[in-house]
Amino acid sequence: MRFTKMHGAGNDYVYVNCFDEPVPKDPAAVSRLVADRHFGIGGDGLILICPPTDSGNDARMRMFNADGSESEMCGNGIRCVAKYLYDHAVVPKTDLLIETGRGTLRLELETSGGLTERVRVNMESPVLKAAEIPTTLPGDPPIEVPLEVDGRTFKITAVSMGNPHAITFVDSLEDELVFGFGPKIENHPAFPKRVNVEFVKVLSPTEMRMRVWERGSGETLACGTGACAVAVAGVLTDRTERRALIHLLGGDLELEWSEADDVVTMTGPAAEVFSGEIAIPQ
Ligand SMILES: N[C@@H](CCC[C@H](N)C(=O)O)C(=O)O
């Protein structure tokens, strides 16, 4: 299987161009294999770049976490898919429509010398109804709901960007929080489809720092949908303004939640690292 390794703010996936390559028979197993940082290629999971199902769109993205679970959406991944399509002349356009598990999203590319540098994504409106996130926490949306985990209480704001996120604002972003409580919140019964967990420190009304424990992949250096959910949670909890810069371990993302049309816009980098071939057991 031919592949290309790419990352968005350090959130790294193995990408397969299914315009040319056959779709793997068991993508979940392939994701587990390629994501392994010792016995595989190394990455946070697998992303398939497929032809669109509707000829009016440009491509379709499917994403799999490192544990093989398929997610509806990947914010850093979709920027890399756009870069791949443009830089490799699969779809040589700077305005793209890409199908995802949460519908078709519009992307605008900033290019220089034939290569994509940054991508702006219309991430659509946040989903704020508890049943649709989904979570059993009270409120539509659940805002700062106390959740007790192993004797410690976290105030959780829940938001979906097509995939579920649990955001908690904290004073410092220690390893103990991310590794000690991330997996427990991810698998808490309040989240029937598990959840991505964001620990966030507010630096100013327009700037935050976050670490993320991702559903199915563990700690990653960045999460695009997570950063969108954090920007929304900052506004819902009156901590931040509608435009915010979010610092993640692997880089920065610019977010805006528009009051006019309720749409969240995410702008950030996308990078190609290397390409290769790997034997996939049949
Ligand atoms: N890193 C991604 C999100 C990937 C999927 C997530 N782990 C889930 O299961 O929902 C991003 O950049 O959004």
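All values derive from a computational prediction rather than experimental measurement. (Residues numbered from 1 in each chain as written. Predicted model: local features only at pLDDT ≥ 70, side-chain atom pairs only at ≥ 80, totals over all residues.)

1. Structural notes on the overall build of the protein
Helices and strands together make up the secondary structure of the protein, namely four helices and 18 strands. A principal-axis box enclosing the C-alpha atoms of the protein has dimensions of 50 × 40 × 30 Å. Across the 282 residues of the protein, 46% fall into the buried class. (Helix = DSSP H or I, 4+ residues; strand = E, 2+ residues; numbered from the N terminus. Buried ≥ 20, exposed ≤ 12 C-beta atoms within 10 Å, placed from the backbone.)

2. Notes on the site of the ligand
Residues in contact with the ligand amount to 18 residues; listed here are only the nearest, Ser71, Asn76, Asn163, Gly224 and Thr225. Breaking the shell around the ligand down by element, the ones donating at least two residues are α2 (75-87) and α4 (224-236). For the shell around the ligand, the class distribution of residues is two nonpolar, 14 polar and two charged. Each of domain 1 (2-123 + 269-277) and domain 2 (130-262) accounts for three or more of the residues forming the shell around the ligand. (Near = placed C-beta within 6 Å. Nonpolar A, V, L, I, M, F, W, Y, C, P; charged D, E, K, R; others polar. Domains from an automatic or database assignment.)

3. Side note on the pairing of strand β12 (residues 196-204)
Bridge analysis of strand β11 (residues 164-169) against β12 gives five bridges, and the strand direction is parallel. In the sheet register, Ala166 faces β12, and the bridge partner there is Val197. For the handedness criterion, the β-α-β arrangement of β11, helix α3 (residues 175-186) and β12 is classed as right-handed. Hairpin geometry of β12 and strand β13 (residues 207-214) is characterised by an intervening segment of two residues between the two adjacent antiparallel strands. (Pairing = 2+ DSSP bridges. Right-handed = clockwise from strand over helix to strand, strands pointing away.)

4. Considerations on the confidence of the model for the protein
In low-pLDDT regions, the fine details of the predicted coordinates are not to be read closely. Of all residues in the protein, 100% have pLDDT values of 70 or greater, and the mean over the chain is 98. Under the prediction, the complex receives an ipTM of 0.99, its pTM being 0.98. (pLDDT = per-residue confidence, 0-100.)

5. So, the domain arrangement of the protein
What the domain assignment reports for the protein is domain 1 (2-123 + 269-277) and domain 2 (130-262). Between domain 1 and domain 2, the C-alpha centre-to-centre distance is 23 Å. Counting residues at the interface gives 21 residues for domain 1, matched by 20 residues for domain 2. Its residues assigned to classes, the side of domain 1 that touches domain 2 shows six nonpolar, 11 polar and four charged. (Contact = placed C-beta atoms within 7 Å.)

6. A few points about the pairing of strand β16 (residues 251-257)
Pairing between strand β15 (residues 243-248) and β16: six bridges, direction antiparallel. Looking across to β16, one finds that His247 is bridged to Asp252. Linking β15 back to β16 in an antiparallel pair, the connection comprises two residues. Bridge count between β16 and strand β17 (residues 264-269): four bridges; the pairing is antiparallel. Looking at the pairing, Trp257 lines up with Val264 of β17. The antiparallel pairing of β16 with β17 creates a hairpin that spans six residues between the two strands, and Asp262 there sits at a positive phi of about 70 degrees.

7. As for the nonpolar core
Grouped together as the largest cluster of nonpolar side chains are 79 residues, with contacts concentrated most on Val81, Ala82 and Ala227. Structurally, this core is a two-domain feature, drawing no fewer than three residues from each of domain 1 (2-123 + 269-277) and domain 2 (130-262). Other than its neighbours up to four places away in sequence, Ala227 contacts Gly75, Met210, Ile246, Leu248, Leu253, Leu255 and Met266. (Core = buried A, V, L, I, M, F, W, Y, C linked by C-beta atoms within 7 Å.)

8. With respect to the UniProt feature "binding site: substrate" (unreviewed entry) in the protein
When the UniProt feature table is mapped onto this chain numbering, "binding site: substrate" (unreviewed entry) sits at Asn11, Asn65, Gly75, Asn76, Asn163, Asn196, Glu214, Arg215, Gly224 and Thr225. Residue placement: Asn11 occurs in strand β2 (residues 11-17). Taking the number of C-beta atoms within 10 Å as the measure of exposure, Asn11 has 30 and is therefore buried. When near neighbours in sequence (up to four residues on either side) are disregarded, Asn11 contacts Asp44, Asn76, Thr220, Leu221, Ala222, Cys223 and Gly250. Position of Thr225 among the secondary structure elements: in helix α4. Ignoring sequence-local partners within four residues, the contact set of Thr225 consists of Met73, Cys74, Gly75, Met161, Gly162, Asn163 and His165. (UniProt positions renumbered as here; feature names shortened; annotations may be inferred.)

9. Section: the environment of Ser160
Counting through the fold element by element, Ser160 comes out in strand β10 (residues 152-160). Residue Ser160 is classed as buried on the basis of its C-beta count, with 26 C-beta atoms lying within 10 Å. In sequence terms Ser160 and Thr225 are 65 residues apart; their C-alpha atoms lie 8.4 Å from each other. Sequence-distant contacts of Ser160, defined by excluding residues within four places in its chain, comprise Pro126, Val127, Glu132, Ile133 and His165.

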